[in-house]
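A look at the structure
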Amino acid sequence: MQPEKKTSPKITVIIPAFNEGEVIGGVIERIRAVVNTLDPDNEIIVIDDGSKDNTAQSARDAGARVIEHPYNIGNGAAVKTGIRNARGKILVTIDGDGQHDPNDIVKLVNRIGPYDMVVGSRNRASDTAAHRDVANRVFNSLATYVSGRKIEDLTSGFRAIKAHIARQFVYLLPNQFSYPTTITLSVVRAGYSLGYESIRFARREGKTKSKIKPLRDGLRFLMIILKIAVFYAPLKIFVPVSIFTFLLGVAYGLMRIFILNAPYGQTSALLMSTAALIFMVGLVSEQIAQLRFDRSESNNPLNEDE
């Protein structure tokens, strides 16, 4: 008799979890019921990010493959662990607190093919806090400018992505909650296709409060956007700063001449010279970014079959 061959899964569901022992089992069961209709050989990976409760055991009892972090590293770190250990060609990331409807996985996965990544975008029926909705609109607008493509939901962690693309950017992902921001901007700036699917986000089922702090993580999201902009499209940052500095120098010089009846002044000349320097640094940064991108593409292992 020949040994039974193991079939590689088409879909891997990655669930980062921290102190979700009360709900994780039910979440896994609902996910499995849905994903089995798409891929009978699917795998579900739960990354227990240093939970203090029975999250890991509950996930095992529900039939998931569990990977445990020895301590709490961060939501993004858990997702990175899942990406590195996944065997499927399509990766689905979903929260373990029950706020995402597993039935929406079908909508996301079915659009993978023409799209390299599909993100579940919060619709107006979602049960989300008002301050988060406002913050998301601000970040979405900034990310749209940086990427040159309309970003509908920058921070949603519910998404499906081709595995080889996720692995290409895993080294860029931060360990905390801003990993969706990074991978979204990276995918778009690298020229991959991004799609959105309008879905409803429910209120968290677990007792654990949200770990996101509006001010702290808001500043972190902003810095992530700026870093990714400089990483992939430096001129998006350097050109506006250069123009602003140049106009400031001109305005200050004209004010001295026509309002203060004073000489043009060295400050105006310095500001305009600084503007030119900022622009030149931006050009050099753009060339470095392109060389870095070309190198990452040449070192990227073959794009797997879809």
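Before any of the text, the structure's been laid out above.
**Overview of the overall build of the protein chain**
- Secondary structure summary: the protein chain contains ten helices and seven strands in total.
- Looking at the protein chain residue by residue over its 306 residues, the buried ones come to 48%.
- Considering only intrachain contacts with a sequence separation of at least 6, the fraction spanning at least 24 residues in the protein chain is 77%.
- In the structure as shown, the protein chain presents an accessible area of about 15,700 Å², 57% of it carried by carbon and sulfur atoms.

**What about the packing of aromatic side chains?**
- This model, assessed by the stated rule, comprises one aromatic pair.
- Centre to centre, the rings of Phe169 and Tyr192 are 6.2 Å apart; their planes meet at 80°, and the pair counts as edge-to-face. One end of the pair, Phe169, is in helix 6 (residues 163-169); the other, Tyr192, is in the loop between helix 7 (179-189) and strand 7 (194-199), and 23 residues separate them in sequence. Residues Phe169 and Tyr192 agree in their burial class; the two are buried.
- The aromatic ring of Tyr145 is capped on one face by Lys236, whose charged end is 5.1 Å from the ring centroid.

**Quick notes on a nonpolar patch on the surface**
- Among the surface-exposed residues, Leu254, Met255, Ile257, Phe258, Ile259, Leu260 and Tyr264 lie close enough to one another that they form a single nonpolar patch of about 680 Å² accessible area.
- On the secondary structure map, Phe258 appears in helix 9 (residues 235-258).

**Some details on the nonpolar core**
- Within the largest apolar cluster, 39 residues are counted, with the highest numbers of intra-cluster contacts made by Ile83, Leu91, Ile161, Phe169 and Val187.
- For this core, the secondary-structure elements that each account for two or more residues are strand 2 (43-49), helix 3 (75-85), strand 5 (117-122), helix 5 (130-147), helix 6, helix 7, strand 7 and helix 8 (214-232).
- Beyond its immediate sequence surroundings of up to four residues, Val187 is in contact with Met117, Ile161, Ile165, Phe169, Tyr192 and Ser193.
- Core analysis: the second largest hydrophobic core is formed by 29 residues, Ile28, Ala62, Leu108 and Ala160 among them.

**Comments concerning the pattern of salt bridges**
- Taken as a whole and judged by the stated rule, the model has seven salt bridges.
- Across the pair Glu68 and Arg60 runs a salt bridge, and its minimum N-O distance is 2.6 Å.
- Glu68 gets classed as partly exposed once you look at its relative accessible area, which sits at 44%.
- Residue Arg60 is classed as partly exposed on the basis of its relative accessible area, which comes to 38%.
- The salt bridge involving Asp153 is made with Arg122; its shortest N-O contact spans 2.6 Å. Here Arg122 lies in strand 5 and Asp153 lies in the loop between helix 5 and strand 6 (159-162), a separation of 31 residues in the sequence.
- On the accessibility criterion, Asp153 (2% relative accessible area) is buried.
- One connected set of salt bridges, linked through shared partners, spans Glu43, Arg65 and Arg87.

**Thoughts on the sheet that holds strand 5**
- Strand order in the open sheet formed by seven strands is 3-2-1-4-6-5-7, and the pairing between neighbours is mixed. Unpaired on one side and paired on the other, strand 3 (65-69) and strand 7 mark the two borders of the sheet. Here the strands of the sheet are splayed against their neighbours by 20° on average, with no regard to which way each runs.
- For strand 4 (residues 90-93) and strand 6, the ladder comprises four bridges, and the chain directions are antiparallel. Among the inter-strand pairings, Thr93 is bridged to a residue of strand 6, identified as Arg159.
- Taken strand by strand, helix 3 contacts strand 1 (11-17), strand 2, strand 3 and strand 4, and its axis lies near 145° from that of strand 2.

**Comments concerning helix 1 (residues 24-35)**
- Between its first and last C-alpha, helix 1 extends 16 Å over twelve residues, near the 16 Å set by a 1.5 Å rise per residue.
- Three or more residues of helix 1 are buried, namely Ile24, Gly25, Val27, Ile28, Ile31, Val34 and Val35.
- Packing partners of the buried residues in helix 1 comprise strand 1, strand 2, helix 2 (55-61) and helix 4 (104-110).

The rules we used
- Residues numbered from 1 in each chain as written.
- Predicted model: local features only at pLDDT ≥ 70, side-chain atom pairs only at ≥ 80, totals over all residues.
- Heavy atoms only, no water.
- Helix = DSSP H or I, 4+ residues; strand = E, 2+ residues; numbered from the N terminus.
- Buried < 20%, exposed > 50% of the residue type's maximum accessible area, 1.4 Å probe, protein only.
- Contact = heavy atoms within 4.5 Å.
- Areas by Shrake-Rupley, 256 points an atom, 1.4 Å probe, with all protein chains shown as cover.
- Phe/Tyr/Trp six-rings, centres within 6.5 Å; stacked < 30°, edge-to-face > 60°.
- Lys NZ or Arg CZ within 6 Å of the ring centre and 35° of its normal.
- Patch = residues over 30% accessible without salt bridge, like charges linked within 9 Å, V, L, I, M, F, W, Y side chains within 5 Å.
- Salt bridge = Lys/Arg side-chain N within 4 Å of Asp/Glu carboxyl O.
- Core = buried A, V, L, I, M, F, W, Y, C linked by side-chain atoms within 4.5 Å.
- Pairing = 2+ DSSP bridges.
- Axes fitted to C-alpha atoms, helices over the stretch in contact; angles between N-to-C directions.
- Expected span 1.5 Å × (residues − 1).

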